[in-house]
Amino acid sequence: MKKGKISMTITIGIVCFLLVMIIFMQFKVVRQSEETNINTMQEAELRQELANWKIKYEEAKEKYDETSETLKTYKEESTSDNQTKETLEKELENLEMALGKTNVEGEGVIITLNEKTEKELADEEEITPINAQDLIYIVNYLKDAGAEAISINGERIVNNTYIVDIVGESIIKINSKYLRTNSYEIKAIGNSSYLESSIFGKGGYVEQLNTTGINAKIERSNRVRISKYEGDFETKYMQEKELETKK
Amino acid sequence: MLFIAILIGCILGAIVGINVPIISYSYSSYLAIAIIAALDSVFGGITGTLKGEFNFKVFISGFFCNSILSMLLTYLGNKLNVDIYLAAIVVFVGRMFINLTIIRKYYIDKWSEKYQEYKTRKANKIQEEQK
């Protein structure tokens, strides 16, 4: 065989190779693009596709229903949460009222203490200024008579209230406020007759006050207003801890 | 020998073409026009062989140059937003039909000649037998 003929044969083989390769590549591309092209799809294929989409839709709908169901339950839970929240808020309100953090109003008495003028003074009577002890006694008697809320000159008596004399001056310190006055107004909410009798009753504290030159008046009212405690209930040293039971 | 080469080339081409990764759809138009150009060259080559004026160099250069040129024209058409590949397809497919016609006519002539020969031979035989 001639050399030229061999090279020609090889070249024609290569040409055939290239041509067929390109043709098959093109077939592949066209087939793939046809798969995604809706225009060239057959009716059966379209039907199949539609059925697939339907199934997908149903699945999605099922999922949606499920999710909305869970959402519903969550909502219900949240409403029940709201109820507990309301009860908690009510409880908190009650607690704050008991603590003295709220303005309150109710049946009670208003006691005013004044030093007697010189005309009112009986013979051999001397004025002893009202001191903290007097106020503490009165507060204690009122509490004993079931007072629910007490204030002295607008200062609410709460669980950490103290009433002390500032020595050397006629000053009484209540709730870290200095009262520099001779007249005191004590408001108390509770059963007014109990409250009155606890102090103004026979042998009550008022009798004793009278002997030291102090005038005491009482006024019953169905609408005694007592303002809230203005301070904070901050704690610094104590921490909540369960007590260990002794063995 | 030539047939073996063609057969091997075709089989290898089919295998490689099927296994080659898919090219993106945007390039497939170039491939298509290249195929049309190559097929045109092949038919031209067959026609040339039948006519007895086949030139191997012309065939090979036509095969590659036509393919590449048509691809370039398609690219240009894409850039110019003109469907130049339509013109290329018209030219190539038109030539293909012409070549096919030539091939068909050639074989029809050949076969009808042969048939004529067969007929005359048969007639001659009958005449001889009658004598």
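Quick summary incoming for the structure in this document. (Residues numbered from 1 in each chain as written. Chains lettered and ligands numbered in written order. Predicted model: local features only at pLDDT ≥ 70, side-chain atom pairs only at ≥ 80, totals over all residues. Heavy atoms only, no water.)

1. Notes on the overall build of chain A
Worth spelling out the cut-off: Runs of E in the DSSP output that reach at least two residues are strands. Runs of H or I that reach at least four are helices, and both are numbered from the N terminus. Radius of gyration: C-alpha atoms only; globule rule: 2.2 Å multiplied by the number of residues to the exponent 0.38. Burial classes follow relative accessibility: with a 1.4 Å probe on protein chains only, a residue under 20% of its type's maximum area counts as buried, one over 50% as exposed, and anything between as partly exposed. Whether two residues are in contact is decided by their heavy atoms: any pair within 4.5 Å suffices. What sets the accessible areas is the Shrake-Rupley method with a 1.4 Å probe; for residues, cover comes only from the shown protein chains. As used throughout, the charge tally considers Lys and Arg to be positive and Asp and Glu to be negative, leaving His and the chain termini uncounted. Charge coordinates come from a single atom per side chain, which is NZ of Lys, CZ of Arg, CG of Asp or CD of Glu.
Looking only at helices and strands, chain A features five helices and eight strands. Counting from the amino terminus, chain A carries its helices and strands in the arrangement α-α-β-α-β-β-β-β-β-β-α-α-β. Against the globule reference of 18 Å for 247 residues, chain A gives a C-alpha radius of gyration of 47 Å, more extended than a compact globule. Classification of the 247 residues of chain A by burial places 28% in the buried group. For chain A, contacts bridging at least 24 residues in sequence account for 74% of all contacts bridging at least 6. Of the roughly 18,500 Å² of accessible surface on chain A, 50% is carried by carbon and sulfur atoms. Positive and negative side-chain charges in chain A, numbering 33 and 44 respectively, have mean positions lying 13 Å apart.

2. Observations regarding the environment of V139 of chain A
Residue and element names in this part refer to chain A. Its location among the elements puts V139 in helix 3 (residues 132-144). Taking the C-alpha atoms as reference points, V139 and K187, 48 residues apart in sequence, are found 9.9 Å from one another. Excluding its chain neighbours within four sequence positions, the residues that come into contact with V139 are I150, I152, I157 and I163.

3. Some thoughts on the pairing of strand 7 (residues 184-189) of chain A
Residues and elements named next belong to chain A. The cut-off we apply is this: When DSSP finds two or more bridges between two strands, those strands count as paired.
Pairing of strand 1 (residues 104-115) with strand 7, which is carried by six bridges, proceeds in the antiparallel orientation. Bridge pairing links I110 to K187 in strand 7. Here strand 2 (residues 149-152) runs beside strand 7; their pairing, made up of four bridges, is antiparallel. Bridged to I152 within strand 7 is I186.

4. What to know about the pairing of strand 2 of chain A
All names here are of chain A. The alternating pattern of strand 2 places A149 and S151 and I150 and I152 on opposite faces, both of which are buried. Bridge count for strand 2 against strand 3 (residues 155-156) is two bridges, and the pairing is antiparallel. In the sheet register, S151 faces strand 3, and the bridge partner there is R156. Between strand 2 and strand 3, which pair antiparallel in sequence order, lie two residues; one of them, N153, sits at a positive phi of approximately 50 degrees.

5. Description of the sheet that holds strand 6 (residues 177-179) of chain A
Residue and element names in this part refer to chain A. Applicable threshold: Axes, fitted as lines to C-alpha atoms, cover a helix only where it is in contact. Angles between the N-to-C directions of the axes lie from 0 to 180 degrees.
The three strands lie next to each other as 4-5-6, forming an open sheet whose pairing is antiparallel. Edge positions in the sheet fall to strand 4 (163-166) and strand 6, since each of these pairs with one other strand and no more. Between one strand and the next, the sheet's axes are offset by a mean angle of 30 degrees, whatever the strand orientation. By the bridge criterion, three bridges tie strand 5 (residues 171-174) to strand 6 in an arrangement that is antiparallel. Within strand 6, the position partnered with I172 by the bridge is L179. In the packing of helix 3 onto the sheet, contacts are made with strand 4 and strand 5, and the angle to strand 4 comes to roughly 170 degrees.

6. Let's talk about unusual backbone geometry
Backbone geometry places N153 of chain A, a non-glycine residue, at a positive phi of 50 degrees. Tracing the backbone shows N153 of chain A in the loop between strand 2 and strand 3. Using a relative accessible area of 30% as the deciding quantity, one classes N153 of chain A as partly exposed. Positive phi values are uncommon outside glycine, yet N81 of chain B reaches one of about 60 degrees. Assignment of secondary structure puts N81 of chain B in the loop between helix 3 (56-80) and helix 4 (84-130).

7. Points about the interface of chain A and chain B
For clarity, the cut-off: The rule for a salt bridge is simple: a side-chain nitrogen of Lys or Arg has to be within 4 Å of a carboxyl oxygen of Asp or Glu. Under the scheme applied here, ten amino acids are nonpolar (Ala, Val, Leu, Ile, Met, Phe, Trp, Tyr, Cys and Pro), four are charged (Asp, Glu, Lys and Arg), and all others, including Gly, are polar.
Taken residue by residue, the interface counts 22 residues in chain A and 29 residues in chain B. At the junction of chain A with chain B, the criterion picks out zero salt bridges. For the side of chain A that touches chain B, a count of residues per class yields 15 nonpolar, six polar and one charged.

8. Focus on the side chain of T47 of chain B
Secondary-structure assignment places T47 of chain B in helix 2 (residues 28-51). With sequence-adjacent residues up to four places away left out, T47 of chain B is seen in contact with N99, I102 and I103 of chain B.

9. Quick notes on the environment of L209 of chain A
Residue and element names in this part refer to chain A. Mapped onto the elements, L209 comes out in helix 5 (residues 205-211). Classification of L209 by relative accessible area gives buried; the value is 3%. With 157 residues separating them in the primary sequence, L209 and N52 have C-alpha atoms 98 Å apart. Beyond its immediate sequence surroundings of up to four residues, L209 is in contact with L113, D134, I138 and I214.

10. Points about the sheet that holds strand 2 of chain A
Taking strand neighbours across the sheet as the criterion, the five strands line up as 3-2-7-1-8 (chain A) in an open arrangement whose pairing is antiparallel. Of all strands in the sheet, those with a lone pairing partner are strand 3 and strand 8 (214-226) of chain A, marking the two edges.

11. What to know about the packing of helix 3 of chain A against helix 4 (residues 192-200) of chain A
Residue and element names in this part refer to chain A. To keep things clear, this is the line we draw: Oblique is the label for every angle not falling under 35 degrees (roughly parallel), over 145 degrees (roughly antiparallel), or within 65 to 115 degrees (roughly perpendicular). By definition, turning the near helix anticlockwise from the far helix through less than a right angle yields a left-handed crossing, and turning it clockwise yields a right-handed one.
The N-to-C vectors of helix 3 and helix 4 enclose an angle of 140 degrees; their axes lie 8 Å apart at closest approach. Classed by the angle they form, the pair helix 3 and helix 4 counts as oblique. For the element pair helix 3 and helix 4, the recorded crossing hand is right-handed. Between helix 3, through I138, Y141 and L142, and helix 4, the contact on the second element is made entirely by L195, S198 and I199. Considering only residue class, the contact of helix 3 with helix 4 consists of five nonpolar, one polar and no charged.

Read these as spatial facts, not as claims about activity.
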